[in-house]
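# Secondary and tertiary structure notes
One letter stands for each residue in the lines below.
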Amino acid sequence: MRISLRPVTLDDGETIVKWKNSKNVISHSFNKNKITVESNIKFYKDNIVTGKYKQFIVERLDEDYGAFSYDIATVYLKDIDNYNNRCELCVFTSDDGEWNDEAKSQAIRMLLDMAFNEYGMHKVYSYVFSEFLDEAELLKKAGFRAESILCEEAKNIHGEFTDVIRFSVYKESFDTIA
């Protein structure tokens with residue numbers, strides 16, 4: 001499977017709204033509120049245009065013809081702190097069947113490479129609800145280590161407070177496994 005990351009555009013709004021409002025994505029998000037095309041436009045102008053977020057569409061490349069691709073998910077860096085050279089890595093869980101563990105692993109590694117080598121980050125962190133062990137494993141395979149457990153940090157899809165694990169990876173350790 002081959003994927004690529006391309007910068008998100010305003011034209012991706014309808015697709016992002018569809019993905020974000022799916023039950024699967026909402027269950028993995030701290031913010032469980034649904035979004036609209038209008039709220040996504042505001043988000044785009046406030047965060048993407050200003051550079052506060054570096055968001056990318058994950059495209060699945062057709063291996064037979066190479067010229068054909070289609071969108072399967074979105075990944076992004078947020079809370080970019082250029083003084084302390086750190087940021088948060090976020091992965092949208094998509095309902096697309098192509099958005100499997102292989103694609104997720106590739107996208108995480110590509111985004112980490114950008115964070116460290118293009119944006120000059122020293123540390124990248126990510127949060128996972130403790131019930132999503134498969135997500136934790138994906139991060140570990142990319143070089144992340146559990147940094148802390150935030151007890152009863154956020155509500156899950158059932159409205160119950162649950163623990164959240166903060167994972168992090170440093171440029172030096174990423175360089176050794178990349």
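Scroll up for the structure.
Because the structure is a prediction, the values reported are computed rather than measured.

On to helix 4 (residues 101-117), then. Between its first and last C-alpha atoms helix 4 spans 24 Å; for 17 residues at 1.5 Å apiece the expected length is 24 Å, and the two agree. Measuring from the backbone nitrogen of glutamate 102 back to the side-chain oxygen at the start of helix 4 gives 3.2 Å, which picks out asparagine 100 as the cap.

Judged by how many residues are buried, strand 7 (residues 161-170) sits mostly within the fold: seven of ten residues are covered. By the bridge criterion, seven bridges tie strand 5 (residues 123-129) to strand 7 in an arrangement that is antiparallel. Bridge assignment links valine 124 to a residue of strand 7, and that residue is valine 169. A loop of five residues connects strand 6 (residues 145-155) with strand 7, the two strands running antiparallel in sequence, and glycine 159 in this loop sits at a positive phi of about 80°.

Evaluation of the coordinates by the stated rule reveals nine salt bridges. With a shortest N-O distance of 3.5 Å, lysine 140 and glutamate 137 are connected by a salt bridge. You can see lysine 140 and its partner glutamate 137 sitting in helix 5 (residues 133-141), three residues apart, about one turn around the helix. Residue class for glutamate 137 comes out partly exposed when judged on its relative accessible area of 40%. Across the salt bridge formed by glutamate 147 and arginine 166, the nearest N and O atoms sit 2.5 Å from each other. Of this pair, glutamate 147 sits in strand 6 while arginine 166 is found in strand 7, placing the two residues 19 residues apart along the sequence. Judged by relative accessible area, arginine 166 falls into the buried class, the value being 14%. Linked by salt bridges that have partners in common, Arg6, Asp12, Glu59 and Asp71 make up one network.

What counts, and where the lines are drawn
- Residues numbered from 1 in each chain as written.
- Predicted model: local features only at pLDDT ≥ 70, side-chain atom pairs only at ≥ 80, totals over all residues.
- Heavy atoms only, no water.
- Helix = DSSP H or I, 4+ residues; strand = E, 2+ residues; numbered from the N terminus.
- Expected span 1.5 Å × (residues − 1).
- Polar contact = N/O pair within 3.5 Å; in protein donor to acceptor, adjacent residues only side chain to side chain.
- Buried < 20%, exposed > 50% of the residue type's maximum accessible area, 1.4 Å probe, protein only.
- Pairing = 2+ DSSP bridges.
- Salt bridge = Lys/Arg side-chain N within 4 Å of Asp/Glu carboxyl O.

It is worth stressing that arrangement in space is one thing and function is another; only the former is reported here.
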